[in-house]
Amino acid sequence: MPRFAANLSMMYTEHDFLDRFAAASADGFTAVEYLFPYAYDAAELRHRLDAHGLRQVLFNAPPGAWESGERGMAALPGREAEVRSGITRALEYAAALDCPRLHVMAGLVPPDATPKELAGHRGTYLANLAWAAERAAAVGVDILIEPINGRDMPGYFLSGQAAAHAVVREVGAPNLKVQLDLYHCQIVEGDLTTTLRRDLPTGRVGHLQIAGVPDRHEPDRGELDVSHLFGVVDDLGFDGWIGCEYIPRAGTSEGLGWLNDYRGDNA
């Protein structure tokens, strides 16, 4: 049966961030993910996890100047020193939080980038990911890359599943994996059942995420048949986590009917 992690960057925003751990636990979650831990002391985050019986399953490496619109640096030539410093800092947090996965964002590229420039971005991306994967492997952490749709994040370097898997194969590190967000995948290419059946058995998918399409609310709102998709994931024996990275429509706990129904059906 799929395991679900609450995304504390999007869910429970009716609470202060540090109080979201308790709220997630009260609703029956046993794991959490979020974008970034760096505004908080790792010891305080560890305390919140332990106090509420939660596991930290994912967070992101530093993305550059997020408030100014940057969305990662790993595919940006000239930013290698910042990428490596950020990975080092992220792995320190991962060790403190016993977090086994770290998402490294690629960054935005200009819409008029030439083929030669795009090749430079890709070469930088491969080199940075190889470096990150080697450092992460030494402490038992997986590095993840995520294709993101261009509607929500115009210009993001990585948008397709095939491109992501090609990067993973080319780098060749066993701890470099794909973060398959079914929301982004549906918007970019659809055909989610086939994608799951094709890619999960490869072992290259390290984490799943879900949200309703097109509005990124609860997974059961919109065009996805999530009960079918969860059944596919279950049938394929995926033993990782599904991050609930969605924006509740009107209160997080009030919108968890989809999860309570799923739990009830599989009790």
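Notes on the structure follow. This structure is a prediction, so every number in the text was calculated from the model and none was measured. (Residues numbered from 1 in each chain as written. Predicted model: local features only at pLDDT ≥ 70, side-chain atom pairs only at ≥ 80, totals over all residues. Heavy atoms only, no water.)

Viewed as axis vectors pointing N to C, helix α3 (residues 80-97) and helix α4 (residues 115-137) meet at an angle of 25°, and their least axial separation amounts to 10 Å. One finds that α3 runs roughly parallel with respect to α4. By crossing handedness, the relation of α3 to α4 is classed as right-handed. Of the residues in α4, those in contact with Glu80, Val83, Arg84, Ile87, Thr88 and Leu91 of α3 are Thr124, Asn128, Trp131, Ala132, Arg135 and Ala136. Its residues assigned to classes, the contact of α3 with α4 shows 6 nonpolar, 3 polar and 3 charged. (Axes fitted to C-alpha atoms, helices over the stretch in contact; angles between N-to-C directions. Helix = DSSP H or I, 4+ residues; strand = E, 2+ residues; numbered from the N terminus. Parallel < 35°, antiparallel > 145°, perpendicular 65-115°, else oblique. Left-handed = near helix turned anticlockwise from the far one by under 90°. Contact = heavy atoms within 4.5 Å. Nonpolar A, V, L, I, M, F, W, Y, C, P; charged D, E, K, R; others polar.)

Now for the packing of aromatic side chains. By the definition in use, this model includes 14 aromatic pairs. Centroid distance Tyr38 to Phe59: 6.2 Å. Interplanar angle 80°. Geometry classified as edge-to-face. A residue pair is termed long-range when its members are at least 10 positions apart, and Tyr38 in the loop between β2 (31-33) and α2 (42-51) and Phe59 in strand β3 (residues 55-60) qualify at 21 residues. Relative to Tyr93, the ring of Tyr38 has its centre 5.2 Å away and its plane inclined at 80°; by these criteria the two rings are edge-to-face. Here Tyr38, found in the loop between β2 and α2, pairs with Tyr93, found in helix α3; they are 55 residues apart in sequence, far enough to count as distant. Among the aromatic residues, ring-to-ring pairing joins Phe4, Phe230, Tyr246, Trp258 and Tyr262 into one connected group. The ring centre of Trp66 lies 3.6 Å from the NZ or CZ of Arg71, which sits over that ring. (Phe/Tyr/Trp six-rings, centres within 6.5 Å; stacked < 30°, edge-to-face > 60°. Lys NZ or Arg CZ within 6 Å of the ring centre and 35° of its normal.)

Within helix α7 (residues 192-199), the full set of buried residues consists of Leu192, Thr193, Thr195, Leu196 and Asp199. Looking straight down α7, one finds that the buried residues subtend no more than 165° of arc, so they occupy a single side. (Buried < 20%, exposed > 50% of the residue type's maximum accessible area, 1.4 Å probe, protein only. Arc of directions from axis to C-beta.)

What the rule picks out here adds up to 13 salt bridges. Across the pair Arg216 and Asp181 runs a salt bridge whose closest N-O atoms are separated by 3.9 Å. Taken as a pair, Arg216 in the loop between β7 (205-210) and α8 (226-235) and Asp181 in strand β6 (residues 176-181) lie far apart in primary sequence, 35 residues in all. We note that Arg216, like Asp181, is buried. In this structure, a network of salt bridges that share partners links the residues Arg151, Asp152, Asp181, Arg216 and Glu245. (Salt bridge = Lys/Arg side-chain N within 4 Å of Asp/Glu carboxyl O.)

As a further point, take unusual backbone geometry. Geometrically, the link from Val213 to Pro214 is a cis peptide bond, its omega value of 15° lying close to zero. For Pro214, the location among the structural elements is in the loop between β7 and α8. Phi is positive for Tyr12, which is not a glycine, with a value near 60°. The buried category is assigned to Tyr12, whose relative accessible area is 0%. A positive phi angle is found at Arg216, which is not glycine, with a value near 60°.

Without other data, these values stay purely geometric and don't point to any function.
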